[in-house]
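# Structural characterization, general
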Amino acid sequence: MIELAGDVDAIRIEFEPSSLTTLKIVLGAILFGIALDTRPADFVAAARRPGTIALGVLAQFLLLPAITFVLTLVLDVRASVALGMLLVACCPPGNVSNVLTHRARGDVALSVSMTGVGNVLAIVLMPLNLAFWGGLHPTGHTVLREIELGAADMLAEVGFVIGVPFAAGLTIARLRPGLARVGARVLGPVSFLALAGVIVVGVADNWGVFLDYIGVVLLAVFLHDAVALGTGFGVAKLTRLPQASTKAMTFEVGIRNSGLGLLLVFSFFDGLGGMALVAAWWGIWDIIAGLTVAQLWSLRWKRGTETKVEPA
């Protein structure tokens with residue numbers, strides 16, 4: 001069992017009410033920015049590639065949670081860590097996946113379409129997924145029962161955090177496309193930096209607990225993140241998607257909006273130790289791993305273009 005001195009299931013991470021409000025605003029801004037960068041044409045494009053989109057949805061909302069469930073059993077992690085891993089796996093993709101796909105010279109149109117569809121579906125699928133897999137977990141189900149987690153309450157919270165800003169963004173993108181393009185370019189990086197700031201402040205406020213228990217989740221998050229990216233890549237390869245689409249699928253499945261997971265940890269699980277640590281560290285490590293993969297793909301693309309010989 002991956003474990004250090006002390007019981008991570010027994011600790012609670014402190015998060016100020018003002019910080020929780022800030023986190024909700026930042027997450028709303030992230031979803032608003034995703035919607036601003038989403039056009040009706042993206043959903044039309046998605047409808048024209050129903051097989052690929054359906055494949056991505058299945059990989060994100062069925063395959064990844066199922067594989068994560070097995071991984072928690074193999075690693076034999078504590079109940080709160082297992083629930084944290086399952087929660088992250090059930091989260092929708094964020095706009096970072098679009099940025100990484102672009103950096104890797106992947107199919108950005110597919111990435112944007114999948115992000116939009118994934119976030120809409122997550123309003124319903126995320127709470128149901130967590131309740132299902134968490135309820136099946138041999139130790140995690142006890143925690144869920146003690147907390148008396150209501151899927152309907154979580155559904156309402158996720159619907160508010162995702163649905164309202166996403167609908168508002170889509171409306172502006174439809175009525176004022178020029179303004180939406182400018183807003184998306186500004187809001188995307190600003191909201192991402194703001195989310196990073198919220199996580200850093202939260203870690204700093206709980207620095208002692210973080211140092212004492214981060215070792216409990218380091219290996220779990222490292223392996224889980226690798227499995228998530230590998231799941232997207234493997235599904236794309238098995239179904240013989242083109243290289244550009246493979247890159248998009250890899251990041252859409254591998255990059256999760258753990259900030260939303262962090263919000264739910266503090267809203268419904270009272271800052272439960274392992275869950276909070278997994279969501280917080282995932283938000284940091286996921287970007288590092290994603291940037292590394294994108295950079296490697298980008299370098300390979302550059303080398304490929306440099307070695308091409310122009311026809312005589």
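It should be emphasised that the depicted structure is a prediction, and the values quoted were computed from it without experimental measurement.

## Examining empty space enclosed by the protein
- For the structure on display, the rule yields 1 cavity of 30 Å³ or more.
- In terms of lining, the largest cavity is formed by 14 residues, of which the most central are Ile13, Gly202, Val203, Ala276 and Ala280.
- At the level of secondary structure, the elements contributing two or more residues to the lining of the largest cavity comprise helix H9 (177–205), helix H10 (207–238), helix H12 (258–268) and helix H13 (273–306).
- The element that contributes the greatest number of residues to the lining of the largest cavity is H9, accounting for 4 residues.

## What about the layout of surface pockets?
- Taken as a whole, the largest pocket spans an internal volume of roughly 450 Å³.
- Along its surface, the largest pocket is lined by 19 residues, and Asn95, Asn98, Val99, Gly188 and Pro189 are the ones closest to its centre.
- Secondary structure elements with two or more residues in the lining of the largest pocket: helix H1 (17–36), helix H5 (96–103), helix H6 (108–136), H9 and H13.
- The leading source of residues in the lining of the largest pocket is H9, at 6 residues.
- For the lining of the largest pocket, the class distribution of residues is 11 nonpolar, 5 polar and 3 charged.
- As a volume, the second largest pocket reaches approximately 260 Å³.
- What lines the second largest pocket is a set of 19 residues, among which Val96, Phe192, Leu195, Gly283 and Ile287 lie closest to the centre.
- Among the elements of the structure, H9, H12 and H13 are those that each provide at least two residues to the lining of the second largest pocket.

## What to know about the packing of helix H3 (residues 50–75) against H10
- Closest axis-to-axis distance for the H3/H10 pair is 10 Å, and the angle between their directions is 145°. The crossing of H3 and H10 is right-handed. Seen from H3, the contacting residues are Leu55, Ala59, Leu63, Leu64, Ile67, Thr68, Leu71 and Leu75; seen from H10, they are Ala220, Leu223, His224, Val227, Ala228, Thr231 and Val235.
- When its residues are assigned to classes, the contact of H3 with H10 shows 12 nonpolar, 3 polar and no charged.

## Section: unusual backbone geometry
- Positive phi, normally seen in glycine, also occurs at Arg105, with a value near 65°.
- With respect to the helices and strands, the residue Arg105 is situated in the loop between H5 and H6.

## Focus: H12
- Counting buried positions over the 11 residues of H12 gives 10, a clear majority of the element.
- Once H12 finishes, Asp270 follows within two positions and takes phi at roughly 55°, a positive value.

## A short note on the confidence of the model for the protein
- Chain-level statistics for the protein give a pLDDT mean of 83 and a share of 89% at 70 or above.
- In this model residues 1–5 is a low-confidence stretch, pLDDT under 50, and it forms 14 contacts with partners more than four residues away in sequence or in other chains.
- Overall, residues 306–312 carries pLDDT values under 50, and its contacts beyond four positions in sequence, including any with other chains, amount to 0 contacts.

Rules used in this analysis
Residues numbered from 1 in each chain as written. Predicted model: local features only at pLDDT ≥ 70, side-chain atom pairs only at ≥ 80, totals over all residues. Heavy atoms only, no water. 1 Å grid on protein atoms, 1.4 Å probe; cavity = no way out; pocket = protein on both sides within 12 Å on 5 of 7 lines; lining within 4 Å. Points joined across faces, edges and corners; volume = space filled by probe spheres on them. Helix = DSSP H or I, 4+ residues; strand = E, 2+ residues; numbered from the N terminus. Nonpolar A, V, L, I, M, F, W, Y, C, P; charged D, E, K, R; others polar. Axes fitted to C-alpha atoms, helices over the stretch in contact; angles between N-to-C directions. Left-handed = near helix turned anticlockwise from the far one by under 90°. Contact = heavy atoms within 4.5 Å. Buried < 20%, exposed > 50% of the residue type's maximum accessible area, 1.4 Å probe, protein only. pLDDT = per-residue confidence, 0-100.

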